[in-house]
Structure formats: C-alpha cells, structure tokens
Amino acid sequence: MKVTVKPFLFIRDALGDQREIEVKLDSPATISDLLTTLRRDYGLPDEIPVGRGVFKLFDGNEVRNMVVLKNARSIKSLEGLETKLEDGAEIALFPPVVGG
Amino acid sequence: MLTENELKRYERQIRIFGGEGQERLKNAKVFIAGAGGLGSSISIYLAAAGIGRIRIVDHEKIELSNLNRQILHWDKDIGKKKAASAEEKLKKINPYVRVEAISETIEENNVLALVDDFDLIVDAMDNFHTRYILNRAAIAKNIPLFHGAINGLYGQATTIIPGKTACLKCIFPEPPPSMTFPVIGATCGVIGCIQVTEVIKHLVKMGSSLENKLLLWDGLNTKIDEIEIERTPSCEDCGWK
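The following refers to the structure shown. (Residues numbered from 1 in each chain as written. Chains lettered and ligands numbered in written order. Predicted model: local features only at pLDDT ≥ 70, side-chain atom pairs only at ≥ 80, totals over all residues. Heavy atoms only, no water.)

## Quick look at the interface of chain B and chain A
In this complex, chain B contributes 40 residues to the contact, which on the side of chain A involves 25 residues. Here chain B packs against chain A, burying approximately 2500 Å² in sum over the two surfaces, 61% of which is carbon and sulfur. When residues of chain B are sorted by the area they lose upon contact with chain A, Tyr-154, Asp-225 and Ile-227 of chain B head the list and together hold 20% of the total. Summed over the shared surface of chain B and chain A, the number is five salt bridges. A salt bridge links Lys-223 of chain B to Asp-17 of chain A; its shortest N-O distance comes to 3.2 Å. At the junction of chain B and chain A, the tally comes to 13 residue pairs in polar contact (both at pLDDT 80 or more). For the side of chain B that touches chain A, the elements supplying multiple residues, two or more each, are helix H3 (37-49), helix H6 (128-141), strand S5 (145-151), strand S6 (154-160), helix H7 (168-171), strand S7 (213-218) and strand S8 (223-228) of chain B. When residues of the side of chain B that touches chain A are assigned to their parent elements, the largest contribution, five residues, is made by S8 of chain B. For the side of chain B that touches chain A, the class distribution of residues is 21 nonpolar, nine polar and 10 charged. (Contact = heavy atoms within 4.5 Å. Buried area = accessible area lost by both parts, 1.4 Å probe. Salt bridge = Lys/Arg side-chain N within 4 Å of Asp/Glu carboxyl O. Polar contact = N/O pair within 3.5 Å; in protein donor to acceptor, adjacent residues only side chain to side chain. Helix = DSSP H or I, 4+ residues; strand = E, 2+ residues; numbered from the N terminus. Nonpolar A, V, L, I, M, F, W, Y, C, P; charged D, E, K, R; others polar.)

In structure tokens:
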C-alpha cells in the first residue's frame, strides 16, 4: 500500500523540506510501522535541534513531542500507534505548540 | 448607534464591512483568556477595532522577562498585576471600549461565571490545562473559541465552533508537554493578529475562517500551512458517541 505523509514545521525541515512524501508499506500496516519506516529509510530523527534547544520526537519507540493525524483525526483518539493504515491514507506530522 | 466620532475613528474599516459591521463590533462582548504575549496583541487590536466590551483575565504579575513580547506591559509596570496594566492601556488605546480586567486564575469552577454572557472566547493562554477548561466552557455555552499558541518562531491557530468543528480536545486528546517556551514578540503578534482577524470576520459575518483547519505559522522559513482536521465522534468534550 501507499500512504501520503505530510510533515510540518521543523519536522518538514528534518525530512528535507518535502511537503508530501509517498511511503510504500507492506499490508497490513500500522502507524507504528510507518514511523519505523520513516526513521529507518527517510531520516526522521529522534530529536531535532530548534534554536538553542532540542525538540525530542521519540523516546525509544514512544512518540514524545509530535502530533500524528490520520485522515484529519488524532491517532490518540483512534488506536494510537496500533492504528491501522489503508491505501491512500494521509498522515500529518507536526510538533505541538503550547505557549502564549 | 455609532456617534460621529466613532464613524470618523473607524472610517478605514467601515470601508470594509460598513456601518452595520462596525455596529456589530460595538455590540460584541469578547472574553480574552490571558494578558501575556498573545493576550497583548489580541487585546490591543480588538480594542482598537472598537469591540464594545472586552473582559480580559490573567492572575499573573509582570516580570522583567515578559517585556520582550508582552507589549501591553512596560518597564514601569514590573511587579503590577497584568490585569490592571491591561485595563489601563486598553482604555487609553480606545476610550470607547468598555474594558473589564480581572485578576483571577481560570479554573473549572469559575470559568462559566467569568465567561458569563460573553459572545466568544479568545484563547491567549500558555498551557493546555486551562485551554481544555476554555474548550469545555465554549461547548457548554455554545460560543466560539478562537485558539492560538506560539513557540519560538512557530505558531498555530484554529477557530472552533461548537457542534460544527473539531474542538481542541479532538485535535489534541492529550495535553502536549508543558515547557518554558522560547519566543520573540513578533510571533505573538502574527498569531494574535490571525486570531483577531478571525474574531472580526466572525462578528461582521465576512469571508471564510479557520473552521476545521489548523493554521501553522513557520516563522523560521516564513511559511503558512493549513492542516485539515475533523471532529472526533468519541471526543471526551464534544463527542456524540
């Protein structure tokens, strides 16, 4: 299957400034499989330097500071990392912004 | 009715949405949660635009390290309550606006009384704990919530219409980790002004908005993106399943 990954802000920068990335996965596949593939084959790092600080995306296999949406819905309201993917799914990745 | 002075004062924007639109702004009651970085730019531009009644709530006192971005507050105000400082400045910016500044912490048990019969909520908070309280209050009162957040050179904004759009809990079912965030004042200006533009369009009924869209501001590369978002049927705060 093929899914489309849309990274935003500095996660996009870390993936070579690509607005969309088509990723091929063996079926069946989950968000966890997709993230493993992005880290292994596409250079999605565990942490990203931002200004003078570091933004941690992953702690081991746990997602830390990254919002993951599948087809416009948070995976946290679906089945988390075990959320199943289907052909044509769109995955948005962006860092949460908290301050005011 | 707008006075002659008001017609003159708002002439440049009446050219956009007419006297009728300006009347709508004059009759509007806007609740601003927070008088920090976002709250500064939001309240200044809403006051200048002629919102009839503004209630701004913040429990903090002004510190020196606030002054790079919290442009409502000046050197002379260090140590004072942000609410009092906000009230003083906003009344001077536009004496036609009724400003009520309240120095309280927004909590689950006082939020409905604080928001009272106001028409809409503007989120200028710096943490998701209070944002979720505002989200639930907006849903309970069936009034819009205009969300904004910033970090460094980055920011986000969305417009939440209860029953129609994804709410904050749909997008962020769990609070992102709190952190002492770096920021330049201009990021608060960009995001705050986007929120104000959304509020004004909502009130004068013009244009399209950030409904079901999360706008992302990338100040480092000067780019704006939008992410489509959808309501979650099982959402803890606004779900129906």
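## Observations concerning the nonpolar core
A general feature of soluble globular proteins is that nonpolar side chains tend to end up buried together. If you look at the biggest cluster of nonpolar residues, it comprises 67 residues, and the most contacted ones within it are Met-66 of chain A together with Phe-31 and Ile-106 of chain B. Broken down by element, the residue count for this core peaks at six residues, all from H6 of chain B. When sequence neighbours within four positions are dropped, the list of residues in contact with Phe-31 of chain B reads Arg-55, Val-57, Ile-106, Leu-114, Val-115, Phe-118, Leu-120, Ile-121, Val-122 and Leu-134 of chain B. (Core = buried A, V, L, I, M, F, W, Y, C linked by side-chain atoms within 4.5 Å. Buried < 20%, exposed > 50% of the residue type's maximum accessible area, 1.4 Å probe, protein only.)

## Here we look at helix H8 (residues 185-204) of chain B
Taking 1.5 Å per residue as the helical rise, H8 of chain B with its 20 residues ought to reach 28 Å, and the 28 Å between its terminal C-alpha atoms agrees with that figure. Of all the positions in H8 of chain B, only Thr-187, Cys-188, Ile-191, Gly-192, Ile-194, Gln-195, Val-196, Glu-198, Val-199, Ile-200, Leu-203 and Val-204 of chain B are classed as buried. (Expected span 1.5 Å × (residues − 1).)

## Here we look at the pattern of salt bridges
Applying the stated rule across the entire model yields 33 salt bridges over all chains. In this structure, Glu-79 of chain A and Lys-84 of chain A form a salt bridge, with 3.8 Å as the shortest nitrogen-oxygen distance. Like Glu-79 of chain A, the residue Lys-84 of chain A is exposed in the burial classification. With a closest N to O distance of 3.7 Å, Asp-237 of chain B and Arg-136 of chain B form a salt bridge. Here Arg-136 of chain B lies in helix H6 and Asp-237 of chain B lies in the segment after S8, a separation of 101 residues in the sequence. Classification of Asp-237 of chain B as buried rests on a relative accessible area of 16%. Residue Arg-136 of chain B is classed as partly exposed on the basis of its relative accessible area of 28%. Each of the salt bridges in this network shares a partner with another, and the network as a whole consists of Lys-76, Asp-77, Lys-80, Glu-88, Lys-89 and Lys-92 of chain B.

## Brief notes about the packing of H3 of chain B against H8 of chain B
Residues and elements named next belong to chain B. Packing of H3 against H8 leaves a shortest axis separation of 8 Å and a crossing angle of 40°. The angle between H3 and H8 falls in the class oblique. Along this stretch, H3 crosses H8, giving a crossing that reads as right-handed. On H8, the residues that touch Gly-37, Leu-38, Ser-41, Ile-42, Tyr-45, Leu-46 and Ala-49 of H3 are Cys-188, Gly-189, Ile-191, Gly-192, Cys-193, Gln-195, Val-196, Val-199 and Ile-200. A breakdown of the residues in the contact of H3 with H8 according to their chemical character gives 11 nonpolar, five polar and no charged. (Axes fitted to C-alpha atoms, helices over the stretch in contact; angles between N-to-C directions. Parallel < 35°, antiparallel > 145°, perpendicular 65-115°, else oblique. Left-handed = near helix turned anticlockwise from the far one by under 90°.)

## Looking at the sheet that holds strand S1 (residues 2-7) of chain A
Strands pair in a sheet through their backbones, by hydrogen bonds, and they do so in one of two ways: parallel or antiparallel. Residues and elements named next belong to chain A. Taking strand neighbours across the sheet as the criterion, the five strands line up as S2-S1-S11-S8-S9 in an open arrangement whose pairing is mixed. Every other strand in the sheet has two partners, leaving strand S2 (21-24) and strand S9 (73-74) as the edge strands with one partner each. Direction of pairing for strand S8 (residues 67-70) relative to S9: antiparallel, over a ladder of two bridges. Residue pairing in the sheet places Lys-70 in a bridge with Arg-73 of S9. Against the sheet, helix H2 (residues 31-41) makes contact with S1, S2, S8 and strand S11 (90-94), and its axis sits at roughly 60° relative to S11, the strand it touches most. (Pairing = 2+ DSSP bridges.)

## Some details on H6 of chain B
All names here are of chain B. With 14 residues, H6 should cover 20 Å at 1.5 Å per step; its first-to-last C-alpha distance of 20 Å lies within 8% of that length. Buried within H6 are the following residues: Phe-128, Thr-130, Arg-131, Tyr-132, Ile-133, Leu-134, Asn-135, Ala-137 and Ala-138. Looking at the buried side of H6, the elements it contacts are strand S1 (29-33), helix H5 (111-115), strand S4 (120-123), S5, S6 and H7. N-cap assignment for H6: the residue whose side-chain oxygen lies 3.2 Å from the backbone N of His-129 is Asn-127. One or two residues past the end of H6 sits Asn-142, with phi positive at roughly 55°.

## Describing unusual backbone geometry
Residue and element names in this part refer to chain A. Here Ser-27 and Pro-28 are connected by a cis peptide whose omega angle stands at -10°. With respect to the helices and strands, the residue Pro-28 is situated in the loop between S2 and strand S3 (29-30). Here the phi dihedral of Asn-71 falls at roughly 45°; this positive angle occurs in a residue that is not glycine. In this structure, Asn-71 sits in the loop between S8 and S9. A residue is classified by how much of its surface remains accessible, and Asn-71, at 33% relative accessible area, is partly exposed.

## Overview of the pairing of strand S4 (residues 47-50) of chain A
All names here are of chain A. Here S4 runs beside strand S5 (residues 53-56); their pairing, made up of four bridges, is antiparallel. In the strand pairing of S5, Glu-47 is matched with Lys-56. Between S4 and S5, which pair antiparallel in sequence order, lie two residues; one of them, Gly-51, sits at a positive phi of approximately 60°.

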